[in-house]
Amino acid sequence: MTGTMKLATYLFKRLQQLGVDSIHGVPGDFNLTLLDYVEPAGLRWVGSANELNAGYAADGYSRIKGIGAIVTTFGVGELSAINAIAGAFSERAPVVHIVGVPSRPMQDDRVLLHHSMKDGDFTRFAQAHALFTVAQARLWDPRTSAEQIDEVLRQCLHHSRPVYIEVPVDMVSAQVSEERLSQPLQLIQLEPTRNQDRLINRVLDKIHSAKQPVILLDGESRGIGIVQDVQEFSKATGWPTYVTGFAKGLLDETEPNFHGIYKAKFGEAAAETFLKEADLILCFGPHFSTTNTYGNAALPNTATTISFSHNETVFQGELIRDTPAKYLVPKILQRVEIAKTKSVYTTYPDLPRDSLLAFSEVSADAPLAHDRLWNVVGNFLRPGDILMGETGTSSYGSRLVALPKHARYFTHVTWLSIGYMLPAAQGAAMATEELIKASKFHQDVKESRTFLFIGDGSFQMTTQELATIIRHNLNVIVVLVNNDGYTVERCIHGKDETYNSVPAWNYLKAPAFFGASDAYTATARTYGELEKVFSDEKLTDGQGLRMVEIFLGRDDAPQGPLFDYMEVQKAGNGILVEKEELV
């Protein structure tokens, strides 16, 4: 006879099987009994300052471990998290949002409860989440709940997007069959279709006949699960390989044929010319938002591009459905004749690469500025580190940093919710720590530091998560970029307007305020001061939270891509209207 277990235990054990070791969230009266089962299931309860931050953190966690989870309470809690869930949907982060909701009798009786609209309708918040999740489950019957949980989790992993699970208070301890839990979750299988064999042959013909080919990796390749395939193909062929901002940090940037982010006219002219003249561009995991393509300037040429997406292929402008990249790409790589791909090596020009800049090449007395800062920052990074650039000038500047082997990079590229990066850094650092402890990280990396650049305006949005970083003693270095307000917004509009200003804080007192009175802190205004800070073993080899405040000019921003791109936005994409049109 099949045994049973409590529903909450089943849910958390299933998450643990999928790689979740920590649950983010905030307690509330409709999820308290649910939370009683987190630690007994072998999971760590993180406990965030608020639900929005918890959602951001679960997002960052999921981008490292492949899935993350958050628990909130009904109504007020889940709506606080919904911005983070929407961002995870936009950028394909697989987050499981579990919501503790009123009991079934209360809902059936339409009781006028708190946290509700006081009209007896308990479906509103689930309806809202249906817009930003790929699957939802309302656990109402113990006989079907285990199956519902499994199906929702399958969809989460298949689409690499958020899902939503409602757990009524009286269902938390309901007995469900434990039979399903004894077997690994059966993921959605990739089945061949009639389109695929012919398509594979067409792609191989193009690969074998190409004279000036290029590889372009975009960020949805992470969720699809084809990054390693592309890495192997790039290394085997030696073809020039570029990424988008969304994909930076997914490939090994130390490989000789890796050339950084393709920025079209906002980058090096040689790169733009080379891609325009390419006779074949293989694009993997496209995510062509305007902010990921520099206002569409960096879109690859349709006539020469084959792009591989989650469930479709675009072959030089022809859309071919039901051709999932996860199935298609490995098949193509198995059959490609590498000898034929190497015959075009001699036609490649000397394409530019991101490079480091030694402190000795910059005047020690020179004030810090975006034009050289990011090339210097790369000297500080080690293999396995995570570099994160908050939305704003830091996200554009940090894209120039040449990453060491096994390093990762994070920045929002489409959702662009300022304040995301600090909680996401907590989640990413925690996920990496867990992988290292479980010997599931890179074998030659024994430690990883999460290195976050965040502007003063963004920091004020989610600063409470410093307390979570401190509480869990995570290896995080926060570099506060103090440029007196929202410089990125000033680049767009309102250069001298007060709405782009923020209050002046004593930022380096934040660690002590949140419980780390002995945390390392430092300040730098010049390159000489920054070199001294970066050479301090208390910073480089310390543990727990460390914080550095650097000062940049109020109107200083990365040249070229940021300023020029903002001009594109103002001129062509309609995000602004002139003041006189507001009358």
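Residue indices follow the written sequence of each chain, beginning from 1 at its first position. Given that the model is predicted, a residue must reach a pLDDT of at least 70 before its local features are reported, and side-chain atom pairs must reach 80 or more before they are shown or counted; all residues, however, enter totals for whole chains, interfaces and linings. Excluding hydrogens and water, the side-chain values take into account all heavy atoms of the structure.

Two strands qualify as a pair provided that DSSP identifies no fewer than 2 bridges between them. Working definition: helices are DSSP H or I runs of at least four residues, strands are E runs of at least two. Numbering for both runs from the N terminus. One open sheet accounts for six strands, arranged β17-β16-β18-β19-β21-β20; its pairing is parallel. The open sheet has two edge strands with one neighbour each: β17 (408–410) and β20 (520–524). The mean angle between the axes of side-by-side strands here comes to 15 degrees, regardless of whether they run parallel or antiparallel. Should any heavy atoms of two residues lie within 4.5 Å, those residues are considered in contact. With axes taken as lines fitted to C-alpha atoms, and helix axes fitted only over the stretch in contact, angles between N-to-C directions fall between 0 and 180 degrees. Taken strand by strand, helix α21 (residues 527–534) contacts β18 (450–455), β20 and β21 (546–551), and its axis lies near 160 degrees from that of β20.

UniProt positions are given in the numbering used here, feature names are shortened, and annotations may be inferred rather than shown by experiment. Within this numbering scheme, the UniProt entry marks residues 200–313 as carrying the feature "domain: Thiamine pyrophosphate enzyme central" (unreviewed entry). Across residues 200–313 one finds 31% helix and 20% strand; the C-alpha atoms that close the span lie 11 Å apart.

In this section: the confidence of the model for the chain. Predicted confidence across the chain gives a mean pLDDT of 91, with 95% of residues reaching 70 or more. For every residue, the pLDDT score states the predictor's confidence, bounded by 0 at the bottom and 100 at the top. Note on residues 571–583: pLDDT under 50 across the span, and twelve contacts to partners over four residues away in sequence or across chains.

Turning our attention to the packing of helix α3 (residues 51–65) against helix α16 (residues 421–437). Viewed as axis vectors pointing N to C, α3 and α16 meet at an angle of 40 degrees, and their least axial separation amounts to 7 Å. Our classification of the angle between α3 and α16 gives oblique. Crossing of α3 against α16: the hand is right-handed. When α3 is examined against α16, the residues Asn53, Tyr56, Ala57, Gly60, Tyr61, Ile64 and Lys65 are found in contact with a partner set consisting of Pro423, Ala424, Gln426, Gly427, Ala428, Met430, Ala431, Thr432, Glu434 and Leu435. Charged means Asp, Glu, Lys or Arg here, nonpolar means Ala, Val, Leu, Ile, Met, Phe, Trp, Tyr, Cys or Pro, and polar covers whatever is left, Gly included. Taken together, the residues of the contact of α3 with α16 break down into ten nonpolar, five polar and two charged. Angular relationships are summarised with four words: roughly parallel below 35 degrees, roughly antiparallel beyond 145, roughly perpendicular across 65 to 115, and oblique for the angles in between. Crossing chirality is assigned from the near helix's rotation relative to the far helix, an anticlockwise turn below a right angle marking it left-handed and a clockwise turn marking it right-handed.

Assigned domains within the chain: domain 1 (4–182), domain 2 (194–344) and domain 3 (359–571). Just the C-alpha atoms count here: the centres of domain 1 and domain 3 sit 31 Å apart. Each partner contributes residues to the interface: domain 1 has 24 residues there, and domain 3 has 29 residues. Simply put, the buried area is the total loss of 1.4 Å probe accessible area from both parts when two parts are fitted together. Buried surface at the junction of domain 1 and domain 3, both sides included, amounts to about 2100 Å², of which 55% is carbon and sulfur. Looking at the side of domain 1 facing domain 3, the largest losses of area belong to Arg44, Tyr56 and Ile64, adding up to 30% of the total buried there. Just to be clear on terms, a salt bridge is a Lys or Arg side-chain nitrogen sitting within 4 Å of an Asp or Glu carboxyl oxygen. On inspection of domain 1 and its partner domain 3, the count reaches three salt bridges. A salt bridge links Lys65 to Glu434; its shortest N-O distance comes to 3.0 Å. The start and end points of each domain follow an automatic or database-based domain assignment.

Mapping Ser62 onto the fold places it in helix α3. Side-chain atoms alone can form a polar contact between residues adjacent in sequence; in general such a contact is a pair of N or O atoms within 3.5 Å, and within protein one must be able to donate a hydrogen while the other accepts it. Among the polar contacts listed, one links the side chain of Ser62 to the backbone oxygen of Asp59, at a separation of 2.8 Å. In contact with Ser62, not counting residues within four places along its chain, are Ile67, Gly68, Ala93, Pro94 and Val95.

Let us look at the pairing of strand β19 (residues 476–482). Of all seven residues making up β19, seven are buried, and the element is well covered by its neighbours. The classification of residues rests on relative accessible area computed with a 1.4 Å probe and restricted to protein chains. Under 20% of the type maximum is buried, over 50% is exposed, and intermediate values are partly exposed. Burial of β19 is two-sided: the residues Val476, Val478, Leu480 and Asn482 facing one way and the residues Ile477, Val479 and Val481 facing the other way are all buried. Where β18 and β19 come together, six bridges link them in parallel fashion. Bridge pairing links Gly455 to Val481 in β19.

On to the sheet that holds strand β5 (residues 95–101), then. Within a sheet, neighbouring strands are paired by backbone hydrogen bonds and run either parallel or antiparallel to one another. Judged by pairing direction, the sheet is parallel, and its six strands sit side by side in the order β3-β2-β4-β5-β7-β6 without closing on themselves. Each edge of the open sheet carries a strand with a single partner, namely β3 (44–45) and β6 (136–138). In terms of strand pairing, β5 meets strand β7 (residues 163–168) through six bridges, oriented parallel. By the bridge assignment, His97 is partnered in β7 with Tyr164. Across the sheet, helix α1 (residues 7–17) lies against β2 (22–25), β4 (68–73), β5 and β7, angled at about 165 degrees from β5, the strand it touches most. In this fold helix α4 (residues 76–90) packs onto β4, β5 and β7, with an angle of close to 155 degrees to the strand it touches most, β4.

Moving on to the pattern of salt bridges. Evaluated as defined, the whole model comprises 24 salt bridges. Measuring nitrogen to oxygen at the nearest pair gives 2.5 Å for the salt bridge that ties Asp252 to Lys405. Residue Asp252 is located in the loop between β10 (241–243) and β11 (258–261), and its partner Lys405 is located in the loop between α15 (393–398) and β17; the two are separated by 153 residues in the primary sequence. Measuring nitrogen to oxygen at the nearest pair gives 4.0 Å for the salt bridge that ties Lys437 to Glu433. With Lys437 and Glu433 both in helix α16, this residue pair falls four residues apart, about one helical turn.

The positions that UniProt labels "domain: Thiamine pyrophosphate enzyme N-terminal TPP-binding" (unreviewed entry) are, in the present scheme, residues 5–116. Secondary structure content for residues 5–116 is 45% helix and 19% strand, and the end C-alpha separation is 31 Å.

Our focus in this paragraph is the packing of aromatic side chains. Stacked, tilted and edge-to-face pairs are distinguished by plane angle, under 30 degrees for stacked and over 60 for edge-to-face with tilted covering the rest, among Phe, Tyr and Trp rings (Trp via its six-membered ring) whose centres lie within 6.5 Å. The full count for this structure, using the stated rule, is 18 aromatic pairs. Aromatic side chains Phe233 and Trp239 sit 5.4 Å apart centroid to centroid with 80 degrees between the ring planes, which places their arrangement in the edge-to-face category. An identical accessibility class is assigned to Phe233 and Trp239; each is buried. Only Lys NZ and Arg CZ are tested; either one counts as a charge over a ring when it is within 6 Å of the ring centre and within 35 degrees of the ring normal. The ring of Phe315 carries Arg202 above its face, with NZ or CZ at 4.1 Å from the centroid. For Arg399, the ring lying beneath its charged end belongs to Tyr396, and the centroid distance is 4.8 Å.

Mapped onto the fold, Asn296 is located in the loop between β12 (280–284) and β13 (305–308). Beyond its immediate stretch of four places on either side in the chain, Asn296 contacts Phe288 and Thr290.

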